[in-house]
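Structure at a glance
So you can see what is in the structure, the chains are spelled out below.
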Amino acid sequence: MKRNLLLVAILAIALTAQAKVEFAYEAGAELVSTYLWRGQYNGGLSFQPTITVGYEGENTSFSIGAWGSVGASDWGFRKEDNPQGATYFVPELDVLGTFTFFNVTVGFTHYYYFNGSKFLCWDKMQDFDVENNTSTTEVQVGYNFAGVLSENHNLYVNWYTMVAGNDFVYDENTEDPVKRAYSSYLELGYDYTFDAIGLTLGAQVGIVPWTSDYYGTEKFAVKCLSLKVNKMWEFDACELDLFAQGMLDPYRVDATNTFIKGSGDVKICNQKLNGCIGLGIWF
């Protein structure tokens with residue numbers, strides 16, 4: 001078995017060495033009206049810069065970088081006496097890396113929430129000490145069917161699992177963490193590009209396969225249904241991307257409350273139907 005694994009590793013290195021490898025980087029930022037993520041409303045108007053560096057070969061690529069978000073928890077900038085209904089700023093910094101071999105991608109993301117606001121909507125975390133660890137680390141494996149279908153079609157599947165940080169199963173009586181939850185998320189996506197007008201339509205379905213406090217689910221759940229349209233303009237020095245997205249959390253929807261008119265954590269923890277528009281610039 002060890003010999004077989006060694007042969008596979010040698011073959012992968014040889015294929016990589018034979019292909020032409022070029023340095024690659026991407027830098028840019030997006031301004032979004034709403035910070036949406038996996039069916040969740042994570043904040044209002046936000047500025048989200050990103051930078052990655054790595055290499056690209058004929059069949060392999062590697063990148064490592066950072067993504068950040070700074071924004072308000074709600075457009076209203078309310079200052080109610082109830083701190084759970086007040087607007088505050090929500091800073092986040094993610095460190096990420098991916099390796100792609102042919103159409104298979106493996107990677108990781110380390111999420112860090114500077115003020116602990118990610119956890120304020122959980123009853124057991126209302127007294128969360130912001131000086132404690134608010135980070136989580138996630139691993140990813142995925143497959144992209146690009147090239148299998150025609151060039152205009154892009155079908156992909158990704159599996160994400162939290163492997164470190166603040167992600168636990170809690171005791172129902174004491175509300176103390178008892179074991180790691182390994183919160184996971186399955187993402188199925190499809191994009192179609194109209195080359196003549198440079199327009200891309202995309203759809204995603206997100207599934208949480210088991211109970212997760214991180215995603216706020218108590219069982220298997222379809223967590224996200226998303227539609228997105230974006231238009232890209234290419235210039236000599238940069239690219240501009242204008243997009244609009246609608247997102248629904250089917251797990252949270254009930255007959256009485258789909259849109260939340262509150263602010264702060266009241267909105268972040270209960271918002272079910274979301275939409276945003278955004279503008280990105282990439283170099």
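See the structure printed just above.
Now for a description of the structure that goes with this document. (Residues numbered from 1 in each chain as written. Predicted model: local features only at pLDDT ≥ 70, side-chain atom pairs only at ≥ 80, totals over all residues. Heavy atoms only, no water.)

1. Section: the packing of aromatic side chains
We apply this condition: Centres within 6.5 Å make a pair out of two Phe, Tyr or Trp rings, where for Trp the six-membered ring is used; the pair is then stacked when the planes are under 30 degrees apart, edge-to-face when over 60, and tilted otherwise. Whether a residue is buried, partly exposed or exposed follows from its accessible area with a 1.4 Å probe, protein chains only, as a fraction of its type maximum: under 20%, in between, or over 50%, in that order. Counting as a charge over the ring demands two things of the Lys NZ or Arg CZ atom: a distance within 6 Å of the ring centre and an angle within 35 degrees of the ring normal.
Under the counting rule described, the total for this entry stands at 13 aromatic pairs. A centroid spacing of 4.7 Å and a plane angle of 75 degrees characterise the contact between Tyr143 and Phe145, whose relative ring orientation is edge-to-face. Using a relative accessible area of 31% as the deciding quantity, one classes Tyr143 as partly exposed. An aromatic cluster of three or more residues is present, and its members are Trp37, Tyr111, Tyr185, Tyr214 and Tyr215. Just above the ring of Phe243 sits the side chain of Lys228; from NZ or CZ to the centre is 4.5 Å.

2. Quick look at the pairing of strand 7 (residues 104–113)
Which entries qualify depends on this criterion: Strands are runs of DSSP state E lasting at least 2 residues, helices are runs of H or I lasting at least 4, and numbering of each runs from the N terminus. Two strands pair if DSSP finds at least two bridges between them.
Taking every second residue as pointing to the same face, the buried face of strand 7 carries Thr105, Gly107, Thr109, Tyr111 and Tyr113, while none of Val104, Val106, Phe108, His110 and Tyr112 on the other face is buried. In the sheet, strand 6 (residues 92–101) pairs with strand 7 via ten bridges, with the strands oriented antiparallel. Within strand 7, the position partnered with Glu92 by the bridge is Tyr113. Hairpin connection, strand 6 to strand 7: the antiparallel pair is bridged by two residues, and Phe102 has positive phi, about 55 degrees.

3. Some thoughts on the pattern of salt bridges
Formally: The term salt bridge refers to a pairing of a side-chain nitrogen on Lys or Arg with a carboxyl oxygen on Asp or Glu at a separation within 4 Å.
This model, assessed by the stated rule, comprises two salt bridges. Glu138 is paired through a salt bridge with Arg38; the nearest N and O atoms lie 2.8 Å apart. With Glu138 in strand 8 (residues 135–144) and Arg38 in the loop between strand 2 (35–37) and strand 3 (40–43), this pair connects stretches of sequence that are 100 residues apart. In this pair, the class of Glu138 matches that of Arg38, namely buried.

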